[in-house]
Amino acid sequence: MMNRLRRVLIAVALLIVVFPYAWVVISSIKSQADLSDPTRLVFTPTLVNWRAVVEGGILGSAATSVVVGVVTVVIALISGTLAAYSISKLRTGGDKTRFTVLLSEMMPPAVLVIPLFFLALSAGVRDTLFAVIPAHLTFVVPVVTWFMIGFFDAVPDELEEQARVDGYGRVRAFSKVVLPQVLPGLGAAAIFAFILSWNDLFYALILAGGNTRTLPVAIAGFNTFRGVELGTMSAAILISVVPVLTASFFVQRRLIQGLSGGGVKG
Amino acid sequence: MAGIRLERLTKRYGSKNVVDGIDLEIAEGQFTVLVGPSGCGKTTSLRMIAGLVEPTSGRIYIGDRDVTDLEPKDRNIAMVFQNYALYPHLSVRDNISFGLRARKKSKAVIDERVEYAAHLLNVRELLDRKPGELSGGQQQRVAIGRAIVRQPEVFLFDEPLSNLDAKLRVEMRTELLRLQRALGATMVYVTHDQEESMALADELVVMNAGSIQQRGRPQDVYDHPTNTFVSTFIGSPAMNLVEGEIASGVYEGRGIRIAVLDGLPGPVTLGVRPEHIHFIDDLPKEEATEPFEALVDVIEPLGARAMLSLRVGGSQPLRAVVDSRWLGGLIEGEFSEFVFDRNRLHFFR
Ligand SMILES: Nc1ncnc2c1ncn2[C@@H]1O[C@H](COP(=O)(O)OP(=O)(O)O)[C@@H](O)[C@H]1O
Ligand SMILES: [Mg+2]
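These figures come from a predicted structure and were not determined experimentally.

Visitor: For the overall build of chain B, give the residues involved together with the corresponding values.
Guide: What chain B contains, in helices and strands, is eight helices and 20 strands. In chain B, which comprises 349 residues, the share counted as buried stands at 52%. On chain B, roughly 15900 Å² of surface is accessible, and the fraction owed to carbon and sulfur atoms is 47%. Separation between the mean location of the 42 positive side-chain charges and that of the 49 negative ones in chain B comes to 8 Å.

Visitor: Residues and numbers for the site of ligand 1, please.
Guide: All names here are of chain B. Around ligand 1, the structure places Tyr13, Lys16, Val18, Pro37, Ser38, Gly39, Cys40, Gly41, Lys42, Thr43 and Thr44. A distance of 2.6 Å separates an oxygen atom of ligand 1 from a polar backbone atom of Gly39. Contact between ligand 1 and Lys42: an oxygen atom at 2.9 Å from a side-chain N or O atom of the residue. Against a free-state accessible area of 560 Å², the protein chains account for coverage of 58% of ligand 1. Put simply, the parts of the chain that give the shell around ligand 1 at least two residues each are β2 (16-26) and α1 (42-50). Classifying every residue of the shell around ligand 1 gives four nonpolar, five polar and two charged.

Visitor: Help me get a handle on unusual backbone geometry, residues and values and all.
Guide: Residues and elements named next belong to chain B. Cis geometry marks the peptide bond from Ser236 to Pro237; its omega dihedral reads -5 degrees. Here Ala85, not a glycine, exhibits a phi torsion of approximately 50 degrees, which is positive. For Ala85, the location among the structural elements is in the loop between β6 (77-80) and α2 (92-102). Non-glycine residue Gln151 carries a positive phi angle of around 50 degrees. Take Gln151: its relative accessible area is 52%, and that puts it in the exposed class.

Visitor: A description of the sheet that holds strand β11 (residues 240-247) of chain B should follow, citing residues and the corresponding values.
Guide: The strands making up a sheet are joined through hydrogen bonds of the backbone, oriented either antiparallel or parallel. Residues and elements named next belong to chain B. Reading across the sheet, the five strands line up as β13-β12-β11-β14-β20 and stay open at both edges, with antiparallel pairing between neighbours. Each edge of the open sheet carries a strand with a single partner, namely β13 (256-259) and β20 (346-348). Across the sheet, the axes of successive neighbouring strands diverge by a mean angle of 35 degrees, strand direction being ignored. Taken together, the seven bridges between β11 and strand β14 (residues 266-272) define a ladder with antiparallel strand orientation. Among the inter-strand pairings, Ile246 is bridged to a residue of β14, identified as Gly266.

Visitor: Can you lay out the packing of helix α4 (residues 58-89) of chain A against helix α7 (residues 129-153) of chain A for me, pointing to particular residues and giving the numbers?
Guide: Residue and element names in this part refer to chain A. The N-to-C vectors of α4 and α7 enclose an angle of 40 degrees; their axes lie 6 Å apart at closest approach. Classified by the angle between their axes, α4 and α7 sit oblique to one another. Judged by the twist between their axes, the crossing of α4 over α7 is right-handed. Its residues placed into classes, the contact of α4 with α7 shows 20 nonpolar, eight polar and two charged.

Visitor: Give a detailed account of the packing of α7(A) against helix α9 (residues 170-199) of chain A, specifying residues and quantitative values.
Guide: Residue and element names in this part refer to chain A. Where α7 meets α9, the axes come as close as 9 Å, and the angle between the chain directions of the two elements is 140 degrees. Regarding the angle of α7 to α9, the classification is oblique. Relative to α9, α7 is oriented so that their crossing is right-handed. Contact residues: α7 offers His136, Phe139, Val140, Val143, Val144, Phe147, Met148, Phe151 and Phe152, while α9 offers Phe174, Val178, Val182, Gly185, Leu186, Ala188, Ala189, Phe192, Ala193, Leu196 and Ser197. Along the lines of polarity and charge, the residues of the contact of α7 with α9 split into 17 nonpolar, three polar and no charged.

Rules behind the numbers
Residues numbered from 1 in each chain as written. Chains lettered and ligands numbered in written order. Predicted model: local features only at pLDDT ≥ 70, side-chain atom pairs only at ≥ 80, totals over all residues. Heavy atoms only, no water. Helix = DSSP H or I, 4+ residues; strand = E, 2+ residues; numbered from the N terminus. Buried < 20%, exposed > 50% of the residue type's maximum accessible area, 1.4 Å probe, protein only. Areas by Shrake-Rupley, 256 points an atom, 1.4 Å probe, with all protein chains shown as cover. Lys, Arg positive; Asp, Glu negative; His and termini not counted. Charge placed at Lys NZ, Arg CZ, Asp CG, Glu CD. Near = heavy atom within 4 Å. Polar contact = N/O pair within 3.5 Å; in protein donor to acceptor, adjacent residues only side chain to side chain. Nonpolar A, V, L, I, M, F, W, Y, C, P; charged D, E, K, R; others polar. Pairing = 2+ DSSP bridges. Axes fitted to C-alpha atoms, helices over the stretch in contact; angles between N-to-C directions. Parallel < 35°, antiparallel > 145°, perpendicular 65-115°, else oblique. Left-handed = near helix turned anticlockwise from the far one by under 90°. Contact = heavy atoms within 4.5 Å.

Right under this line is the structure:
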């Protein structure tokens, strides 16, 4: 009885999760005419939408997103990891810090975007990646920090101390002994950070919505004055979503561990 | 190899002196054990010697070198932690050779020393495993091996046996002693286990609340404790303490009266170890104190010996450990006559 109920619940949950994706996949291979009737399930698949998307420069936007994501991740990993180490092991700022790290996440992006916009303007980098990357760092660095605190907490202090007694200075003890212990966490943090950057529309739209468009900005562009171009938009959404899904699948366990992050230790 | 000297060594956390100005000479080539209850500052002291905790004040010397301001890596010490602290990502071989590689020793030297240590500690067949695949006892051996290959001036141990089960603990204890004798090394060992401390120590240092209470050879500390803390902390079951008073050459406390030759008048605490309480007939008259009557509350047979819980005046029972052969017709709940060994009394003021 319980078993049956469980199966039904799982089936329902699956349906809720899978349905939108299935819908998008189907929409991306429907012709304009078929799209006008959403209930039509029998149709001739077509690649027009995909061709349109590729020719419309979506891949260029995807490349832009990759560049923004990678640079953001590299900077965020370096600063976030060092910050997390300091908060976890050196107790920098006391226990307060470990819980206030995420505070900036609660700030509405609208608060930050105006100063960032003017900063970019006066620095002459508006509508370039140099405007978008710092904006992304404002929400990626705290998350990476939070994420890594939990992984550093799990490394016994004695390991580093042992290395220091054995002949390493602080820097080498950190990089050669402590860091290898948190490497799996670092990998998960990198992917998570990349996804955060990859998905951002708000900052990218306002700070660089012109020539250097990231993928979400380009996708939003399908909402044209002629109405929403559902077919091409669906194809573009798939381009955007598939890497994210694949990556999350491979790191899901670490992801959960990391998200409970700094909260584990009191 | 070298001795260690601590001068007015102090560590303050907040407003509390966790280690409170200790002076200590640790002799070269000896097994010195710091023992005391949990939280008395043993680990903090050891970690200051290692350089992992910065002293609030005081100096630390290893040999003739003032090492107070040196990094741990520059102190030429090796340390074994309670949780072994093996590097999980390295093989046993790489764990053991870690310190040598960090110091850029030649491959020949590394191989030779690793081989020697692995042989000495019986971990040769484990060299290519990862720490996660070892039992607690094996991890312990590897941790000790990692210390040995360094050939440091001083070995520091922080409760290295407390994660092992009782049987293994006693075995490793013997092995550690054998190792110390073989290497002739200076070893400083921290434990809260008084029995372990007695078994291992050439020199025993008893600590409480951040201060050294007494130091000396274990047997001397056992036989001549200088205060009530040491007297009850060292030895099991603990020494009996009876509050009383000396007046005109007679000690009196809880109904027990003892003539004392040179006792200064005033309040005093009498200390008697459980094995120094006897049945009245078991001790020659001239060695015994005046007999006193006590209610035999509980008899706990321990094999060759038995522990008695005796009630005299007051709430705290006296514990006596007697040879089982003399138990005879002793019955719980009845009174019997006892004496103390006159030569084994302690008076604490
Ligand atoms: N980093 C620290 N911050 C604050 N208090 C500490 C710290 N390390 C140890 N203490 C305190 O110092 C006292 C002695 O600790 P420790 O040296 O570890 O004792 P032991 O090893 O004898 O059990 C304890 O009360 C402990 O709580
Ligand atoms: Mg301790």
